[in-house]
Structure formats: C-alpha cells, structure tokens
Protein chains: 2
Amino acid sequence: MVRINHLKLIKKLSAWLVYQSISVDLADKTARILVEGDLAGHPGHGAERITQIRSGFANQTIQTNGRHTVKKCSQTVTLIDAHYNLGYPVVEKAVHTAVDLAKQFGVGVCAVKNASHIGILGYYTNLASQHSCVCVILSSTSPAVVLPGGKEQLLGTNPISYAIPMASGPSYVADFSTSSVSRTALIEHMQSELCFDSAVGVDANGTPSRDPQQIAQGGLLPFGDLKGAHLSILFSILCGPLIGTVTNDFVKGTRSMEQSPNKGDFVLCFDVSSFTDISTFTRSVQSFSERIAASSERFRVPGAHTSETRKKNMRDGVVLSDKLRRFFEEEAISL
Amino acid sequence: MVRINHLKLIKKLSAWLVYQSISVDLADKTARILVEGDLAGHPGHGAERITQIRSGFANQTIQTNGRHTVKKCSQTVTLIDAHYNLGYPVVEKAVHTAVDLAKQFGVGVCAVKNASHIGILGYYTNLASQHSCVCVILSSTSPAVVLPGGKEQLLGTNPISYAIPMASGPSYVADFSTSSVSRTALIEHMQSELCFDSAVGVDANGTPSRDPQQIAQGGLLPFGDLKGAHLSILFSILCGPLIGTVTNDFVKGTRSMEQSPNKGDFVLCFDVSSFTDISTFTRSVQSFSERIAASSERFRVPGAHTSETRKKNMRDGVVLSDKLRRFFEEEAISL
C-alpha cells in the first residue's frame, strides 16, 4: 500500500487546480478539503475525486471562474448560487455564514445550489461544532434510489451529517447516506464483482437484489424501507425546491460530469448558547455518548474514530489509490 | 364496531377535563386535539389517551394548573416549560410561536419541555404547513429502544413528523417513530399474542426477537439499524440537552404516569416565502409527489390518505375503542 504525506498531496492537487485556472485561494481550499476525505479514511470522497473535477473541467460542466452569488433571503436565511463552480470552498463559506447567523439569531440557514461535489459532509458539520453549534447538513445527489416497491430512480443517496460539540475531545460527528449503501460502495462491489450480504437494491424489474450489476440497472433502496424514504424525501425538498433548485429526480452532475451539478446543500446551525448553558449541554451529551458507547460493541460513537484515523493518517501519510496514482501519471505530475 | 360522532366525543372529553379542574379553554383544546388522532385513524394516539391523563391526574404527575413559562432565548428561539401540564394545548401554542418566528426571521424554533403526551405529531406539522411553512417536529419519549448490538433501553421511540405545503389539496404530512415499530404496535401485539414478521426488537439478552413478550423484556430496535440509531440520537439531543432537559435515557412519564413527563418536543419551521417563491415551490413539490405516488404501489403519499380518513370519520363517526368505552363507564359518563 503506497502512502503519501497529506501536505504534499494538498500541494500537488492545489498546483494542478491553479494550472486549470482556479484561483490560488480556491485551489488551496479545495485541495485541503479534498484531502480531509483521505485523512478521515474515506478515499472515495477524498483526493481521487480530482478525476471527476478534471472531467467536469473538460466537459465545461464545472466552471473555473470562481463566481458565486450570495442572496440574503431573510434575516436568518442566506442562499448561495455556486454557478457550477467547485463546491468545497463555497460550502465551507456557507458553514461560516450559517454559524454567524446562528450566533446572531439563535438559528441560521445557509444553503448552496449548483455546486460540484463537496467531499465528506462530516468535515463541514465538525467545523461548525468547533464554534459551539449543533450543525446539520443535508445534500441532494442525482437519482440512484428507488422507492420501496418501485423501480424508477427518483431519489438521490441524499446524505446527512450532523455534529454536536462535546465537553472534551472530538465532537460527535455522524455522516451517512439515506440509501441502504452508498453509491461508492455500489461501484466498489461492481468492480470487485462481489454481491452484497442482503438485498440493498432492486434490478430493472424492481425485484430485490444483492447483485451490484443488477442494482446498477435498477436502483438502490433507501435505508430503513419506507421510513428512510420519507426522510430522503424531506432532505430532497430542503435541498431542492425550498432553495430554488430542482426536485431530486431532476438532479444532474453529482457523479457523472456530463451535465453541470444542479443539486443543493443545506446547512442548518443551532447556536447552543442561544438555547441553553453550553457547558451543561456539552457535559450532558458527553456522558450520554459514553453510556451509548458502553452499551454496544457494534455501535461506534462517530467522530472519535474519525479523529483517531485522522491523527494516524497525518503521521503515516494517506493511502494513494490506484485511481489517484494514474491521475498523477496522466497529468505528468511527479510524486 | 361502535362509532361515535367526533363532536360529541370532544364535548364529553372536554367536560370531564373541566370537572378535573382544567380550564375550559385548555380542556377544549386538549379534547379537540385528542380526537384528531381518532379522526386520522390512529386511535392509539387519540381519545383513549384520556385514561393515561386520568392516571397522571391521580398520581399528581400531570398538573392541572395550566401554568407554563415562556422564555425567549434568542431572536428565533423560544422555549416553553410546560411544568408537567397537558401537552396538547402547549405544543399547539409552540407551533403558532414557531410559525410567527419563521414569518419574521425565516426560520423559527419553539421547543417545549416537561409536557405530557401530545397525540399525533402530524396534526401539529400540518397546522404549520397551513401557514406556508415547512415544519419538522421531533419528540423524545421514555426509553424503549436498544442500540443495534446492545440490550439496554437508551433511546425512546423518538418520533418525527414533517409537513410540506402543496399547491392544492392536503399538505404532504409524514409522521413516524424512529423505532422499527411503534410502542403502540408492541403493546397491541402483546395483547393479541401475535409475533412480528421480523425481528423488530431484542430479548433481555440482546438476541434479536419477533416475540412481543420477549421484546418487552429487552427492547425495540431502531428502524434502519445503525443509521436509524444515529437519527434517533440527533433527535434526542435536540429534544433533550439542547432545550435544557434530560438525555433520552432519563426521560420518564411519556407512557407510564408514575413519574412526571420530562421529555422534549422540538418545533422547527421554515417559512417558504423567506426562501423562495411560494407558488413555484408548492407546484414543484406537488408534481414531485405525483411522480412518487405513481412509481410505487407500496408507497402512499402521506397526508392525502389521512385527509380522506379524516373526512370519512367526520361523516361516519370515530371508532369507540373498548378502552375508551370502559373509561366512560367508569367515570359514569353517558354516551
């Protein structure tokens, strides 16, 4: 397993982005957040997404002008149109905006439409939690999920992340898709020709299936059957029509870069101090999470594990995937 | 099947509440919202809950003084302490408050702690949607749910409801527990000695089980395995420490009335017009929901069905359950 120092990786990615006409500031931010995926141990949402960005630049479905427009819709609500530019820096900005609004009013919303992929959501919610906010981020993605009993892909894998500040140590940061398994897991299973342990999707006829090739023809199922579908629908409305973009079945450009990304990312922050005493809150959550951790070996308190992985990867370097190694070869970037 | 006119039922319940020292105004509101459960076709969350209220009055764990205190925590956040009084009227007030805050600021939160049972959440979210808000309500309930892999009840059945205004006809109103099945379903299965179709809970040793008697000794599982648990934990934090009440494992008095109810109910409203054009929004959601409805026979667009049931029950009367009939007999109330 080839590893690479994360700072070196950031530098290489940033330099390539600058060469593609991205401003130094936006290139640095993008590279840094991309590598956060690798540091957290999720390379599928990390640096190898640079290949997707390259494809977007080539197809002109991702823009390089860095332009975005900010619209203050009401006192607590700000909407940003990313105009098909790189999503990472603009969503980071949205998090800072939502935190500022929450600090001022108690609750803050900043949503982004028409941004490209933004990497792992947990990076952003964790960021807000460092400012003593409970933060929830929802995203819509292009259709991949069928309703239970259906066979048309009408919903995305629509992920959710939330982060909760704790008294000491890392925040409680959960981050998961509303599909039974992620699209990344589906692709990995297709490549390795492995079936899933259970019927996580349906074939083209709507029949439940464990076979990734068949599921690619049909669709993934939502997690938790009808209840999961209800949640995914709520998330898709908040990330779609509410912020002035399309409904979930018309979302494009979140995986394949043949079309520009017209999805939404919805950042919601609650400033803890605007509700209650912050130290009572963080101690209470901490002790609850300790009881949770002690009660099940299967349940890992999220955030703590990522924090450990991150430390280890900062020390040992992040894994250089074959996909990323090929990218650097193709672009004639020495490592 | 004995049926009773819903207006007559409201009158009877209200009169009994007034006789128990509840003010006429609060008694009327409580009775009306209780019967909304029956009208919607969910008698387990309807009028028969009057027996639970009676038990709370008898144990003095539900107060009759109607006192509640309202604290404006920040511009968009209001917290209400119900001081162990009846939950129905106070949560209805919280919905109106959250709507008003949303109209003023874009987003509004009004949460309630220490309120007794509040019936079906969908009633309240639907109310907010009539004011052109997207409304989400979360509640914590006393422990009944174990973590996947665990055997201690640390989480409640923590329900969620959301409502979305539509262009015409009833709002899109979803309402469900974050447990695999509701506590009401567990009790019904225990009474009828029927096993569940799948392992919706665990026995006292943490072994998955379909047997309701064994699950009562162990606990229900969250819906959707670990992902459902993550959501339930988020909901429990928002309905617990964030609003200044206990963590989920210390919640009491939501089913058994031996202790006063110290749970939380969290009302979050987004005023659609503060985000985007309301008519574009409602038309877009309506057309999305029509595509959803057409794509699966198993998936029923929520709200529409309840609306039909409600109309039918207003015409034909609501079902008078044995439990409620016995209550009226015991209290010597003629029907």
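On a predicted model such as this, the values are computed, not experimentally measured, just so you know.

Student: So what exactly am I meant to see when it comes to the relation of the copies chain A and chain B here?
Tutor: Both copies of the chain are tied together by a single rotation about an axis and a shift running along it. Here chain A sits on chain B after a turn of 180 degrees about the axis and a move of 0.0 Å along it, with an RMSD of 0.0 Å. Accordingly, the operation relating the two chain copies is best matched by a two-fold axis. Relative to the rotation axis, the closest C-alpha in chain A is found at A:Gly224, a distance of 1.8 Å. The share of interface residues of chain A whose copies in chain B are also at the interface is 100%, consistent with both copies meeting through the same surface.

Student: Looking at this structure, how should I read the domain arrangement of chain A?
Tutor: One frequently used descriptor of interface size is the decrease in accessible area upon assembly of the parts. Residue and element names in this part refer to chain A. Domains assigned within chain A are domain 1 (1–59 + 307–335), domain 2 (65–177 + 225–302) and domain 3 (180–221). Tallying the contact residues gives 21 residues for domain 1 and 16 residues for domain 2. Taking both partners together, domain 1 and domain 2 bury about 1600 Å²; carbon and sulfur atoms supply 68% of that area. Area buried by domain 1 at its contact with domain 2 is led by Ile33, Arg49 and Gln52, which between them contribute 34% of it. Our enumeration of links across domain 1 and domain 2 arrives at 1 salt bridge. As a salt-bridge pair, Glu92 and Arg32 come within 3.2 Å of each other at their nearest N and O atoms. Linking domain 1 to domain 2 there are 6 residue pairs in polar contact (both at pLDDT 80 or more). Contributing elements (two or more residues each) for the side of domain 1 that touches domain 2: helix 2 (24–39) and helix 3 (50–58). In terms of residue count, helix 2 provides more of the side of domain 1 that touches domain 2 than any other element does, 8 residues in total.

Student: Can you walk me through helix 5 (residues 121–129) of chain B in this structure?
Tutor: Along an α-helix, residues three or four apart share an orientation, since each turn contains 3.6 residues. All names here are of chain B. Along helix 5, 8 of the 9 residues are buried, which leaves the element largely enclosed by surrounding structure. The set of residues buried in helix 5 consists of Leu121, Gly122, Tyr123, Tyr124, Thr125, Leu127, Ala128 and Ser129. Looking at the packing, one finds that the buried side of helix 5 touches helix 2 (24–39), helix 4 (87–105), strand 5 (133–139), strand 8 (160–164), strand 9 (172–176) and strand 13 (264–271).

Student: Explanation requested: the pairing of strand 8 (residues 160–164) of chain A in the structure shown.
Tutor: Moving residue by residue along a regular strand, the side chains alternate between the two faces of the sheet. Residues and elements named next belong to chain A. Within strand 8, 5 of the 5 residues are buried, which leaves it mostly tucked inside the rest of the structure. The alternating pattern of strand 8 places Ile160, Tyr162 and Ile164 and Ser161 and Ala163 on opposite faces, both of which are buried. Where strand 5 (residues 133–139) lies against strand 8, 4 bridges are found, and the strand directions are antiparallel. Paired with Cys135 across the bridge in strand 8 is Ala163. Pairing analysis gives 5 bridges linking strand 8 to strand 9 (residues 172–176), with the strands arranged antiparallel. Following the sheet pairing, Tyr162 is matched in strand 9 by Ala174.

Student: Before we go on, may I ask you to explain the environment of A:Gly122 in this structure?
Tutor: All names here are of chain A. Its location among the elements puts Gly122 in helix 5 (residues 121–129). The buried category is assigned to Gly122, whose relative accessible area is 9%. With 53 residues separating them along the chain, Gly122 and Asp175 place their C-alpha atoms 5.6 Å apart. Excluding anything up to four places from it in sequence, Gly122 contacts Ser161, Val173 and Asp175.

Conventions and cut-offs
Residues numbered from 1 in each chain as written. Chains lettered and ligands numbered in written order. Predicted model: local features only at pLDDT ≥ 70, side-chain atom pairs only at ≥ 80, totals over all residues. Heavy atoms only, no water. Least-squares fit on C-alpha atoms with pLDDT ≥ 70 in both. Contact = heavy atoms within 4.5 Å. Domains from an automatic or database assignment. Buried area = accessible area lost by both parts, 1.4 Å probe. Salt bridge = Lys/Arg side-chain N within 4 Å of Asp/Glu carboxyl O. Polar contact = N/O pair within 3.5 Å; in protein donor to acceptor, adjacent residues only side chain to side chain. Helix = DSSP H or I, 4+ residues; strand = E, 2+ residues; numbered from the N terminus. Buried < 20%, exposed > 50% of the residue type's maximum accessible area, 1.4 Å probe, protein only. Pairing = 2+ DSSP bridges.

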